[in-house]
Amino acid sequence: SSGINAEWPLRPGYKLKQEGNLDNPHVLTDQVDTIVKQTYDFNLDTTVAKRSVPSRSKRSTISVKQDATVKTTSTVVTSCASGSQSSSNVCVTCPPGTGFTNGACATCPRGQWNGANDNTPCNTCTNSMTTLKSGSTSANDCTRVQDVCTVKSAPANGHLSPVPGSQVNNNVMVTLTCNTGYDLQYSIASSFACNDAAYPTCFRTCDLSTYTPSKLEELRVDSAGINANQPLRHLQALKVNCISNHNFESSINSKTLTCKGDGTLEDTKITIPECTKDDNTTLIVIIVLVVLLGVAVLLLFLFIFIQWRKKRNDSYKRRSKTTTLELRRRDDEQAGPSGNTYQNNAREDNV
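Residues numbered from 1 in each chain as written. Predicted model: local features only at pLDDT ≥ 70, side-chain atom pairs only at ≥ 80, totals over all residues. Heavy atoms only, no water.

Draft legend 1. Representation of the overall build of the protein within the structure. Across its full length, the protein carries three helices and 20 strands. The 351 residues of the protein split such that 21% are buried. Taking as baseline every contact in the protein between residues at least 6 positions apart, the subset at least 24 positions apart corresponds to 42%. With the model as given, the accessible surface of the protein reaches about 24900 Å², and the carbon-plus-sulfur share is 52%. (Helix = DSSP H or I, 4+ residues; strand = E, 2+ residues; numbered from the N terminus. Buried < 20%, exposed > 50% of the residue type's maximum accessible area, 1.4 Å probe, protein only. Contact = heavy atoms within 4.5 Å. Areas by Shrake-Rupley, 256 points an atom, 1.4 Å probe, with all protein chains shown as cover.)

Draft legend 2. The arrangement of the environment of R233 in detail. When you line up the elements, R233 lands in the loop between α1 (213-218) and β17 (237-241). Each C-alpha atom of the pair R233 and Y182 lies 8.1 Å from the other, and the pair is 51 residues apart in sequence. Ignoring anything within four residues of it in the chain, the contact list for R233 reads D183, L184, Q185, Y186, S187, I188 and C259. Looking at R233, its side chain comes within polar contact range of the main-chain oxygen of L184, at 3.0 Å. (Polar contact = N/O pair within 3.5 Å; in protein donor to acceptor, adjacent residues only side chain to side chain.)

Draft legend 3. Main features of the pairing of strand β11 (residues 158-161). With burial as the criterion, only one face of β11 is covered, namely that bearing G158 and L160; the residues H159 and S161 on the opposite face remain uncovered. Pairing of β11 with strand β13 (residues 173-178), which is carried by four bridges, proceeds in the antiparallel orientation. Bridging from a neighbouring strand, H159 pairs with T177 of β13. (Pairing = 2+ DSSP bridges.)

Draft legend 4. Main features of the sheet that holds β11. Read from one edge of the open sheet, three strands run β11-β13-β15, paired in antiparallel fashion. The open sheet terminates on both sides in strands that have one partner only, identified here as β11 and β15 (191-193). If you compare each strand with its neighbour and ignore which way they point, the axes differ by 30° on average. Judged from the three bridges that link them, β13 and β15 form a sheet pairing that is antiparallel. Bridge assignment links V174 to a residue of β15, and that residue is F192. (Axes fitted to C-alpha atoms, helices over the stretch in contact; angles between N-to-C directions.)

Draft legend 5. Geometry of the state of the cysteines. Per the stated rule, a full pass over the model turns up seven disulfides. With a sulfur-sulfur separation of 2.1 Å, C94 is cross-linked through a disulfide to C105. A torsion of -95° about the S-S bond marks the disulfide between C94 and C105 as left-handed. Taken together, the residues span a long stretch of sequence, with C94 in the loop between β5 (90-92) and β6 (98-101) and C105 in strand β7 (residues 104-107) at a distance of 11 residues. The exposure class of C94 is buried, given its relative accessible area of 0%. (Disulfide = S-S within 2.5 Å.)

Draft legend 6. A look at unusual backbone geometry. Cis peptide bonds are those with omega within 30 degrees of zero, and the linkage from S161 to P162 qualifies with 0°. Along the chain, P162 falls in the loop between β11 and β12 (167-169). One non-glycine residue, N157, lies in the positive phi region at around 65°. Checked against the element boundaries, N157 lands in the loop between β10 (148-150) and β11. Using a relative accessible area of 32% as the deciding quantity, one classes N157 as partly exposed. Phi at S187 takes a positive value of approximately 75°, unusual for a residue other than glycine. Tracing the backbone through its elements, the reader meets S187 in the loop between β14 (182-184) and β15.

Written out as structure tokens, the structure is:
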């Protein structure tokens, strides 16, 4: 028999058809961090043999083995179905709220929308309308510009939801949350309309943490309505009462303290005074003084009244005497020369 040995390069070709996972960039990709690339060398050794037996012959055999003389290369060609687009050998299907532009999916900006799951571009709102945010998925998201409100800046020591700069409908409520140690003014709501002329303010709170039940007992103050874990809000009033048979100064049993959170930290301090036990001696002295004063006023009134009556009686007597003498004098004048009667009578009266 005789044999022929031959060697030549072999370049195999592969064609892979991608049936699913068209939006998965890790399938049939050339990205080096997602696939393992290997290079194989092949050596093709062909041996042809023939026997002289009549009507029979042995076919040649071909064997392929790895060697350092043959190299192979591969090329990926991606074909996408309708509704998707090839981008970097990846079939791209843009989800709702995005549109295909410049070879990639991009979020629809304000004033545009896209509700399809395909590779079409975003649609523009009609009649000069706009959307409240980017990534809109329906034409119903388009609204009139005059109905749009932009959330204003947050006040100091607080933050807003939605965040400042957000565009919402005029009737959407904005919520203000104050930082630790701050709160809204008492009776002011934390939610308000976006288009309100002015947003509320965060004020300092008045701390009551030092007035624990034991501290209030030491001050002899009733603990009802006083919570050491609940600070007071700006302009919130706190009514403080003494326990039974105790008072503040000047026999006052209760006080009203008001939180002032619009000043310095020192201004927010709430001071609850100490209650003292009632002093009955002081009360008795006050009552006695009032009674004595009343008696003195009454005696003074009686004295003035008596003096007035006495003067009135004396005046009446003088007027009566004068009238009698005048009448006698007139009678004597009418009697003529016998006027001595008047003089004698006058002397007698004087006696």
